[in-house]
Amino acid sequence: MRNLRRPALATVVLLASRRVWPLEPLNAPHTQVYVNTFHSIHDEDCRSKLGLAKWDDEAEELWSQLFGLMSGRCGGDGIDFTIFFRSLGDLEPPGTEDGAANSLAAVRAAAIGGMDGWPSEHVTAWKEWTGRYWARVAKEERASGAGLEARRREMARVNPKYILRNWMAVEAYEAAARGDSSVIDDIMRVRGPTRRRT
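1. Looking at the overall build of the chain
If you tally the helices and strands in the chain, you get nine helices and zero strands. Going from the N terminus to the C terminus, the chain shows its helices and strands as α-α-α-α-α-α-α-α-α. Total accessible area on the chain stands at roughly 13200 Å², and carbon and sulfur atoms take up 56% of it.

Here it is, written out as structure tokens:
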């Protein structure tokens, strides 16, 4: 109780004075620290989701272009982001024997409803992006050997194989409300906190 007395007294004094205290000068340094920290963590997350070695203007441009494609150039049904990133990490680079036909494999795997009905300009835009992406991966020496394996491990670590979908959660809630925990047990078996998802 003693710990709360001083903040409460200060609040009463401030409110009783009816003076308008400028909060912006007090918040500005803290706000900037938050913004800088947010951007630093966000950039690192984006870098690792793409499996890149470093984050720079070129990487940021790749990320921005990718989200432009994912939000507006993926046919009529859209794309599953989780499946896309996971598939991208599993691919062989185009310069390899297994990767020669893989330029759109991650997109095909994640396209909701398939890519057959996509406008040709959407497919072309994705081909262009994957070309730029693989060129960057190759430039960073992450397209073969130890670099490729490091890229795959990192992408598998940050891009989950399974995520809890809303419809799964609804089923689990409804079953739990009926006293049936088997759906939650099934979800935890796949998604449990101690199970590796790679």
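2. Observations concerning the packing of aromatic side chains
One pass over the structure, following the stated rule, counts 11 aromatic pairs. By way of ring pairs, the aromatic residues Trp 63, Phe 67, Phe 81, Phe 84, Phe 85, Trp 126, Trp 129, Tyr 133 and Trp 134 are connected into one cluster. For the cation-ring pair, Lys 49 lies above Phe 85, with the distance from its terminal atom to the ring centre recorded as 4.7 Å.

3. Points about the side chain of Asp 80
With respect to the helices and strands, the residue Asp 80 is situated in the loop between α3 (57-72) and α4 (81-90). Taking the relative accessible area as the measure of exposure, Asp 80 reaches 13% and is therefore buried. Those residues within four positions of Asp 80 in sequence are excluded, and the remaining contacts are Ala 110, Ile 112 and Arg 165.

4. Quick notes on the environment of Ile 79
Mapped onto the elements, Ile 79 comes out in the loop between α3 and α4. Between the C-alpha atoms of Ile 79 and Arg 108, which are 29 residues apart in sequence, the distance is 9.0 Å. Excluding its chain neighbours within four sequence positions, the residues that come into contact with Ile 79 are Met 70, Cys 74, Phe 84, Val 107, Ala 110, Ala 111, Ile 112 and Trp 126.

5. A closer look at helix α8 (residues 166-177)
When the terminal C-alpha atoms of α8 are compared, their 16 Å separation across 12 residues agrees well with the 16 Å that a helix rising 1.5 Å per residue should span. Among the residues of α8, those classed as buried are Ala 169, Ala 172 and Ala 175. Buried residues of α8, seen end-on, are gathered within an arc of 130° and therefore sit on one face of the element. Residues Asn 166, Trp 167, Tyr 173 and Ala 177 are exposed on α8 and point more than 90 degrees away from its buried face.

6. A closer look at the nonpolar core
Leu 50, Phe 84, Leu 88, Trp 126, Trp 129 and Tyr 133 are the most contacted members of the largest nonpolar core, which totals 31 residues. Within the residue set of this core, elements represented by two or more residues are α2 (24-50), α3, α4, α5 (105-110) and α6 (120-139).

7. Topic: the pattern of salt bridges
All told, the structure shown has 13 salt bridges when counted by the stated rule. A salt bridge links Glu 154 to Arg 157; its shortest N-O distance comes to 3.9 Å. Of this pair, Glu 154 and Arg 157 both sit in helix α7 (residues 145-158), three residues apart, roughly one helical turn. In this structure Arg 157 comes out as exposed when scored by relative accessible area, which is 60%. Between Arg 189 and Asp 186 there is a salt bridge; the shortest N-O distance is 2.2 Å.

8. Details of unusual backbone geometry
Of note in the backbone geometry, Glu 141 takes a positive phi value of approximately 60° without being a glycine. Residue position: Glu 141 is located in the loop between α6 and α7. Glu 141 gets classed as exposed once you look at its relative accessible area, which sits at 64%.

9. Details of the confidence of the model for the chain
The pLDDT averaged across the chain works out to 82; a share of 78% of its residues lies at or above 70. Confidence drops under pLDDT 50 across residues 194-198; counting only partners more than four residues distant or on other chains, this segment forms 10 contacts.

10. Structural notes on the side chain of Asn 159
Mapped onto the elements of the fold, Asn 159 is located in the loop between α7 and α8. Asn 159 gets classed as buried once you look at its relative accessible area, which sits at 1%. A polar atom in the side chain of Asn 159 sits 2.6 Å from the side chain of Lys 49. Beyond its immediate chain neighbours, meaning those up to four positions away, Asn 159 contacts Lys 49, Phe 85 and Arg 86.

11. Let's talk about the packing of α4 against α7
Their axes nearest at 8 Å, the elements α4 and α7 cross at an angle of 160°. What the angle tells us is that α4 and α7 run roughly antiparallel. Seen from above, α4 lies across α7 with left-handed handedness. Side by side, α4 and α7 meet where Phe 85, Arg 86, Leu 88, Gly 89 and Asp 90 of the first sit next to Arg 151, Arg 152, Met 155 and Ala 156 of the second. Grouping the amino acids of the contact of α4 with α7 by side-chain chemistry returns four nonpolar, one polar and four charged.

Cut-offs used in this document
Residue numbers run consecutively from 1 along every chain, following the written order of its sequence. Residues qualify for local features only when their pLDDT is at least 70, as the model is predicted, and side-chain atom pairs are given and counted only at 80 or more; totals for whole chains, interfaces and linings, by contrast, use all residues. Where side-chain values are given, they derive from all heavy atoms of the structure, hydrogens and water being excluded. Secondary structure follows DSSP: runs of H or I at least 4 residues long count as helices, runs of E at least 2 residues long count as strands, and numbering of each begins at the N terminus. Accessible surface area values rest on a Shrake-Rupley calculation with a 1.4 Å probe, where residue burial reflects the displayed protein chains alone. The rule is short: rings of Phe, Tyr and Trp, with Trp giving its six-membered ring, pair when the centres are within 6.5 Å, and they are stacked under 30 degrees, edge-to-face over 60, tilted in between. The criterion is that NZ of a Lys, or CZ of an Arg, lies within 6 Å of the ring centre and within 35 degrees of the ring normal, and then a charge sits over that ring. Residue exposure (1.4 Å probe, protein chains only): buried if accessible area is under 20% of the type maximum, exposed if over 50%, otherwise partly exposed. Whether two residues are in contact is decided by their heavy atoms, any of which lying within 4.5 Å being enough. The length a helix should cover is 1.5 Å for every residue beyond the first. The directions from the helix axis to the C-beta atoms are what the arc is built from. Remark: nonpolar core denotes a set of buried residues (Ala, Val, Leu, Ile, Met, Phe, Trp, Tyr, Cys) joined through side-chain atoms within 4.5 Å. The rule for a salt bridge is simple: a side-chain nitrogen of Lys or Arg has to be within 4 Å of a carboxyl oxygen of Asp or Glu. The predictor attaches a confidence to each residue, called pLDDT, with possible values from 0 through 100. Polar contact is the term for a pair of N or O atoms within 3.5 Å; when the atoms are in protein, one must be able to donate a hydrogen and the other to accept it, and sequence-neighboring residues count only if both atoms are side-chain atoms. Note on definitions: angles span 0 to 180 degrees between N-to-C directions of axes, and those axes are lines fitted to C-alpha atoms, for helices only across the stretch in contact. The labels follow the angle: roughly parallel below 35 degrees, roughly antiparallel above 145, roughly perpendicular from 65 to 115, and oblique for the rest. Helix crossings are classified by the rotation of the near helix relative to the far one: an anticlockwise turn of less than a right angle makes the crossing left-handed, while a clockwise turn makes it right-handed. Each residue gets one of three labels, nonpolar for Ala, Val, Leu, Ile, Met, Phe, Trp, Tyr, Cys and Pro, charged for Asp, Glu, Lys and Arg, and polar for the others, Gly among them.

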